[in-house]
Amino acid sequence: MYYWFGEHKIEGKEGNQAWVGVHCYSSQNLTDWKDEGIALPVSKDPESPIVEGCIIERPKVIFNAATQKFVMWFHLELKGQGYKAAKTGLAVADKVTGPFKFVKAVNPNAGKWPVNYPEKLKSKIYPENLKSWSEEWIQAVKEGMLLKRDFEKGQMARDMTHYVDDDGKAYHIHASEENLTLHIAELTDDYQDFSGKYIRVLPTGHNEAPSIFKHNGRYYMITSGCTGWAPNSARLLVADSVLGEWEYVKNPCVGEDADLTFHSQSTFVLPVQGKKDAFIFMADRWNPENAIDGRYVWLPVQFDENGLPFLQWLDKWDLRFFK
Ligand code: GAL
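As a starting point, this report considers the structure included with it.

Describing the site of the ligand
Inference 1: With respect to spatial proximity, the complete set of residues near the ligand consists of Glu 57, Arg 58, Tyr 83, Asp 159, Glu 208, Gly 228, Trp 229 and Gln 265.
Inference 2: Asp 159 has a polar side-chain atom sitting 2.5 Å from an oxygen atom of the ligand.
Inference 3: Relative to its unbound accessible surface of 310 Å², the ligand loses 89% to contact with the protein.
Inference 4: Put simply, the ligand lies in the second largest pocket.
Inference 5: When the residues that make up the shell around the ligand are grouped by side-chain class, the tally is two nonpolar, two polar and four charged.

Okay, structure coming up:
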């Protein structure tokens, strides 16, 4: 059974905030879907971080075999603060469809250095008045100026995904440092906390909307650039392990509208169960003026003669596409 979690949107611009919660659907064939209702409702309590009118985006759920719990993390913005808080929220359930109970919201890895952060940069200090986007500023951000700014209180976490590796270790991947640098952070064995081990990926690369999958022993990540709700060109990254080093490869999209990811933005790459090398690239076609009218783009991931993934528009396809 497949379970699909998503932001419950409502009509109009207001629908860009969370007024209902995280919705869940189930399907055995990825075509016919059953409405499983609201897995995590927003709260009526104004003191709650998930009070109605907050922003809940990109919820993901993983199952922890040791605790038998379903663990949900999601991008959380506190009500009335725009995208300033940049937190990740945790909710836990005994049943996949919920009800999920909200546990906490955090800025991850407070007081921890990334494992791939050079020792010599830890003590480097930057002038406070660097002009945003000046060469000096970009260089300073690349070297971790924003990482250091958030070192004590914890790092920013906006667009996020999970990846569970073959050894059962789970990772929380999020856009950090003002969306300029991705962080890949290991979760604890129960998946309900950050272990403190994490890496920075392509500092100042401006990657968000991350999704990870593994094929032929290599890890692939598809991301987008950062242009808000408007689509841009996707990026394909590759690594030999989840904790890097990650390398930029190319825009994985080919053909018409490849520069706009076919008018969509990555959200997840789903391994099709029971089929080898079968992955579905899932993306959002946002409609910020009428949030409920946001649509989905699903395309099969194809592999070229060098084994590299690529995406091509298809007007129509089904699971028979995968041999
Ligand atoms: C996008 C992001 C979405 C949402 C939007 C708000 O860049 O991928 O999840 O946060 O910005 O403008």
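Concerning the layout of surface pockets
Inference 1: Size it by volume and the largest pocket reaches roughly 1600 Å³.
Inference 2: Surrounding the largest pocket, 47 residues form its lining, Tyr 3, Trp 4, Phe 5, Phe 268 and Leu 270 being those nearest its centre.
Inference 3: Within the residue set of the lining of the largest pocket, elements represented by two or more residues are strand 1 (2–7), strand 2 (21–27), strand 4 (55–64), strand 8 (160–164), strand 12 (208–215), strand 17 (265–271), strand 18 (279–285) and strand 19 (295–300).
Inference 4: The residue makeup of the lining of the largest pocket, split by class, is 29 nonpolar, eight polar and 10 charged.
Inference 5: In this model, the second largest pocket occupies a volume close to 220 Å³.
Inference 6: Lining the second largest pocket are 14 residues, and of these Glu 57, Tyr 83, Asp 159, Glu 208 and Gly 228 lie nearest its centre.

Topic: the packing of aromatic side chains
Inference 1: One pass over the full model with this rule turns up 20 aromatic pairs.
Inference 2: Between the aromatic rings of Trp 113 and Tyr 117, the centroid separation amounts to 5.3 Å while the plane-to-plane angle is 5°, which identifies the pairing as stacked.
Inference 3: On the basis of relative accessible area, Trp 113 is assigned to the partly exposed category, the value being 25%.
Inference 4: Aromatic rings pair up to connect Trp 4, Trp 33, Tyr 296 and Trp 298 into one cluster.

Scoring rules and cut-offs
- Counting restarts for each chain: residues are numbered from 1 in the order of the written sequence.
- For a predicted model such as this one, the threshold for reporting local features is a pLDDT of at least 70, and the threshold for listing and counting side-chain atom pairs is 80 or more; totals across whole chains, interfaces and linings nevertheless cover every residue.
- Only heavy atoms go into the side-chain values, all of them from the structure, while hydrogens and water stay out.
- Here a residue is considered near a molecule or strand provided that any single heavy atom belonging to it is located within 4 Å of it.
- The term polar contact refers here to a pair of N or O atoms within 3.5 Å; inside protein, the definition further demands a hydrogen-donor-capable atom paired with an acceptor-capable atom, and it admits residues adjacent in sequence only when both atoms are side-chain atoms.
- Computed by Shrake-Rupley with a 1.4 Å probe, the accessible areas treat only the displayed protein chains as cover when residues are assessed.
- A cavity, in this analysis, means grid points on a 1 Å lattice covering only the protein atoms where a 1.4 Å probe fits yet has no way out; a pocket is instead an open set bounded by protein on both sides within 12 Å along at least five of seven lines, and a residue lines either one if it has an atom within 4 Å of a point.
- Grid points define the cavity or pocket, and a molecule sits in it when more than half of its atoms lie within 2 Å of them.
- Residue polarity follows a fixed list, in which Ala, Val, Leu, Ile, Met, Phe, Trp, Tyr, Cys and Pro are nonpolar, Asp, Glu, Lys and Arg are charged, and the others, Gly among them, are polar.
- Grid points are joined across faces, edges and corners, and a volume is the space filled by probe spheres set on the points.
- Secondary structure elements follow DSSP: runs of H or I of four or more residues count as helices, runs of E of two or more count as strands, with numbering from the N terminus.
- The pairing test for Phe, Tyr and Trp rings, Trp by its six-membered ring, is centres within 6.5 Å, and the orientation test on the planes gives stacked under 30 degrees, edge-to-face over 60, and tilted for anything in between.
- Using a 1.4 Å probe on the protein chains alone, a residue whose accessible area is under 20% of its type maximum counts as buried, one over 50% counts as exposed, and one in between counts as partly exposed.

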